[in-house]
Amino acid sequence: MQLDFRTRELTIKLVYYGPALSGKTTNLQALHRVVDRDSTGRLMTLDTKDDRTLFFDLLPLNFKAKSGVSVRIKVFTVPGQAIHSSTRRLVVQGADGVVFVADSQKNETQNNTAAFLDLKNNLEANGLSLKSMPVVIQFNKRDLPAEAIRSDEELEELARRGREPVYLAVATKGVGVVESFLGLLQSTWTVLNEQHQFDRKFGFESDAFVQLVANKLGASGPAARLIAARLGGARGGERQHGT
Amino acid sequence: MHETAAPNPTDLLASPLTLGDLLDATSLAEVLGSFYALFRLPVRILNERGGHFARTQMQAALNEYLGELPRVAKRLGEEHRTLRVGDLGEGGELFHRAFTGASYYVGAIGHEGRAIGRFIIGPFRSAEAGDPSEELLASDPDLDVARVRELLDALPRVREETVKAIARHLSVTLDALIFSGYRAKLSEYMHLSSVQENGRQLSEAGQTLRAQEQRREESQRLQGRLLGAVAAELTEPVRVISDQVARLDASSPREQGDAAGVLRQQARHLAELAERLLQLANTESRPALQKQEIEPAVLLDRARAALGPGCAERVELAIEGGLPRLWCDAARVGDALRLLCENALEARADGVVCVEARRVPGGGRGAADLDGFVLLGKPPELLELRVADRGPNVAERDLERVSDASHELGPERGSVRGGLRLAVVKRLVEAHEGSIRIEDNTPAGAVFVVVLPLFASGMGL
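Residues numbered from 1 in each chain as written. Chains lettered and ligands numbered in written order. Predicted model: local features only at pLDDT ≥ 70, side-chain atom pairs only at ≥ 80, totals over all residues. Heavy atoms only, no water.

Participant: In this structure, what is going on with the overall build of chain B? I would like to understand it.
Facilitator: Within chain B one finds twelve helices and 13 strands. In chain B, which comprises 461 residues, the share counted as buried stands at 44%. Considering only residue pairs separated by 6 or more positions, chain B has 70% of its internal contacts joining residues 24 or more positions apart. Surface accessibility of chain B: about 23700 Å² in total, with carbon and sulfur atoms responsible for 52%. (Helix = DSSP H or I, 4+ residues; strand = E, 2+ residues; numbered from the N terminus. Buried < 20%, exposed > 50% of the residue type's maximum accessible area, 1.4 Å probe, protein only. Contact = heavy atoms within 4.5 Å. Areas by Shrake-Rupley, 256 points an atom, 1.4 Å probe, with all protein chains shown as cover.)

Participant: Honestly, the nonpolar core in this entry has me stumped. Any pointers?
Facilitator: One recurring pattern in soluble globular proteins: nonpolar side chains tend to sit buried together. Membership of the largest hydrophobic core comes to 63 residues, with the highest contact counts inside it found for B:Ile45 and B:Ile121. When neighbours within four sequence positions are excluded, B:Ile45 is seen to be in contact with B:Leu19, B:Leu28, B:Leu32, B:Gly51, B:His52, B:Phe53, B:Ala54, B:Ile109, B:Arg118, B:Phe119 and B:Leu174. Membership of the second largest hydrophobic core comes to 43 residues, among which are A:Leu43, A:Ala171, A:Leu184 and A:Phe204. (Core = buried A, V, L, I, M, F, W, Y, C linked by side-chain atoms within 4.5 Å.)

Participant: Can you help me understand helix α5 (residues 177-196) of chain A in this one?
Facilitator: Two residues of an α-helix separated by three or four positions point the same way, owing to the 3.6 residues in each turn. Residues and elements named next belong to chain A. Along its 20 residues, α5 runs 28 Å from first to last C-alpha, staying within 8% of the 28 Å computed at 1.5 Å per residue. Counted residue by residue, α5 has 16 buried out of 20 residues, so it is predominantly covered. A positive backbone phi angle near 50° is found at glutamine 197, which sits one or two residues after α5. (Expected span 1.5 Å × (residues − 1).)

Participant: What's the story with the packing of helix α9 (residues 296-305) of chain B against helix α10 (residues 330-347) of chain B in this structure? I'm lost.
Facilitator: The description of two helices packed together rests on the angle between their axes and the distance between the axes. Residue and element names in this part refer to chain B. α10 packs onto α9 with a crossing angle of 55° between their chain directions and a minimal axis gap of 9 Å. In terms of orientation, α9 and α10 fall into the oblique class. For the crossing formed where α9 meets α10, the hand is right-handed. Residues Leu299, Leu300, Arg302 and Ala303 of α9 form the contact with α10, whose participating residues are Ala330, Val333, Gly334, Leu337 and Arg338. (Axes fitted to C-alpha atoms, helices over the stretch in contact; angles between N-to-C directions. Parallel < 35°, antiparallel > 145°, perpendicular 65-115°, else oblique. Left-handed = near helix turned anticlockwise from the far one by under 90°.)

Participant: Any chance you could explain the pattern of salt bridges here in plain terms?
Facilitator: If the charged atoms of two oppositely charged side chains come close together, the side chains can form a pair. Applying the stated criterion to the full structure yields 40 salt bridges over all chains. B:Glu112 is the partner of A:Lys74 in a salt bridge, and the nearest nitrogen-oxygen pair spans 3.2 Å. In this pair, A:Lys74 sits in strand β5 (residues 70-77) while B:Glu112 sits in the loop between β4 (103-111) and β5 (114-126), so the two residues belong to two different chains. B:Glu112 shares its class with A:Lys74; the two are buried. We note a salt bridge from B:Glu204 to B:Arg200, for which the minimum N-O separation is 2.4 Å. On the criterion of helical spacing, the pair formed by B:Glu204 and B:Arg200 is a turn pair, its members being four residues apart in helix α7 (residues 160-248). Exposure remark for B:Glu204: the relative accessible area of 37% places this residue in the partly exposed category. Residues joined by salt bridges that share partners form a network here, namely B:Glu356, B:Arg358, B:Glu384, B:Arg386, B:Arg437 and B:Glu439. (Salt bridge = Lys/Arg side-chain N within 4 Å of Asp/Glu carboxyl O.)

Participant: Would you take a moment to explain unusual backbone geometry for this structure?
Facilitator: One can expect most non-glycine residues to show negative phi and most peptide bonds to be in trans. Residues and elements named next belong to chain B. The peptide bond linking glycine 122 to proline 123 adopts the cis configuration, its omega dihedral lying at 10°. Looking at the secondary structure, you find proline 123 in strand β5. Of note in this structure, arginine 40 is not a glycine but carries a positive phi near 60°. The exposure class assigned to arginine 40 is partly exposed, which follows from its relative accessible area of 48%.

Participant: How do you make sense of the state of the cysteines when you look at a structure like this?
Facilitator: The bond known as a disulfide is covalent and runs between the sulfur atoms of two cysteines. Residue and element names in this part refer to chain B. Per the counting criterion, the structure on display carries zero disulfides over all chains. A disulfide-free cysteine, cysteine 328 has its sulfur positioned 15 Å from the sulfur of cysteine 341, the nearest such atom. For cysteine 328, a relative accessible area of 1% corresponds to the buried category. Cysteine cysteine 341 is unpaired, with the sulfur of cysteine 311 as its nearest cysteine sulfur at 9.8 Å. The class for cysteine 341 is buried, based on a relative accessible area of 4%. (Disulfide = S-S within 2.5 Å.)

Participant: Looking at this model, I keep getting lost on the side chain of A:Asn140. Mind explaining?
Facilitator: Tracing the sequence through the fold places A:Asn140 in strand β7 (residues 135-140). Contacts of A:Asn140, omitting those with residues within four sequence positions, involve A:Ser22, A:Gly23, A:Asn27, A:Val101, A:Ala102, A:Asp103, A:Ser104, A:Ala169, A:Val170 and A:Ala171.

Participant: What is the right way to read the environment of A:Val15 from this model?
Facilitator: All names here are of chain A. Position of valine 15 relative to the elements: it lies in strand β2 (residues 9-17). Valine 15 gets classed as buried once you look at its relative accessible area, which sits at 0%. Along the backbone, valine 15 and serine 206 are 191 residues apart, and their C-alpha atoms lie at a distance of 21 Å.

Shown next, in the form of structure tokens:
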């Protein structure tokens, strides 16, 4: 997070992390499709010839809050392939929040856990802690055949017992993408606001800001309703308070 | 976290960038030259502070002439200040008709929603207006009005709508160039950072190798200690045997009987020591496990029976009902359990040893507190085997050194044989992806806790 008091500009860094081919880039593409043109620039992709992410994707989002504060959200993905570990470590440097994009396929369970462990290690290498980092987990590819993916019931049961809010998504169709993003934005904003008192310093209204972002992302209803589409996460507050 | 506007050179991904970071001024001047050749309109590019960055070579003769007149020059300076740093409003553009009769279009250059500079098209003569103002004509008595009109006529005459369309074209061109520059900048940054990061990782790997080398040397030292301890352990029975044999020749039948008893005891001692050393050698050579499914109750019964008469009846089993079968090398896990029981029985000669088998959730207590709990497949289940005795408590230092084959647990808890037993147990358990720990058995004694996965492979984070 970078805060420039002089120009009243705030920059937040959010990172989409997860195993290879879980749909991180697809999430950013879906966000880019729906976001208001005035609130974004080009989606930058540093990929290889076979469309695999080489370094990262970057989606810049810019919002002007009612209080006059300019909020820039830089949304990054990391390359999922195992060989790019050092790149992932660089990209998570200074991250304010993480969407972990998990592959719903049963046979990807080991890769999901390995990638999450990799996230934990790379955060720690940057002096960050998974315990105090706002994280939401997105289970992507929910449109695959039921026998190939982990069931809703299983995920609901585990999400209820776990710490992180969980969203179900079909990123290729944009399903669950905005919900996951807003869920992370709200968690991140809560943590940053507790640390830096944006509301007191700038007269910033957090709920109004999240609603503004939701509207810019094409949502017509209340942002709270989209964020509430999560499974579990009731214990997320413990994470936010670093317990 | 940074609470200043100062860019952090080590984190380009988060730092605000300037026009100079993203565009090459010389190359941009060439683009502007091409632009001028096409539209005959001069263009200047200014940085975020209004300073010069790039421009077309063409100089406006009108401004050069007016700049030579002191009274007009001052007013001209004010005009230029408006163009350089004047407010462009929400729309990021300004159509400015100067007092000279020339017109200018000013457009913002942005990057990620932040103004990083501006471009100025002009001077040109607007088709809709463009006569010198009364203010100019009255500003200086030395002003040559005819010359001014002549120079004004020399300016390109363009409709304002056309200028706006050209400005949009220029803006899109600059935007594409800036994006390309940003992309190249980030690629360069990531390449360099990756090299640095790889270098750092190599350095770490070097340190790890050095640490491994130190551990290897330490291991060799410990092996030396082990050999020394084993030699010392052998010395006493050998001495006793030699003494007894020497006495046999000149002893009575009763004394011979006593000596035979001592000899048998020492022979058992030597045999056990040899067996432990052989087991340790076998586990160190990591032979393939012969895994099979087995009921935990059967496994424990066999281990207890293997202790032999006099010992087996001192071991009590408490096995949770409904335990699933264990997938393991039954012979080796049985050996490990037997050794733990022997160890516990030795801790107190007249005591009873309790062996408990129960199922525990993966990740130990509070598995749901694990980060990323939902990412786990089926929560892994573990079999916990607890071998509890009522001997002396185990000091904290011993908990960390249970794996040390040469470590003696202290005079109260055994000898070299005890250390060898635990070393063998630890290697057998770890070969099954399990773990072993020691807990105090309040108020007295110790509990050796072996945890084995009930499924093929554990998945805990």
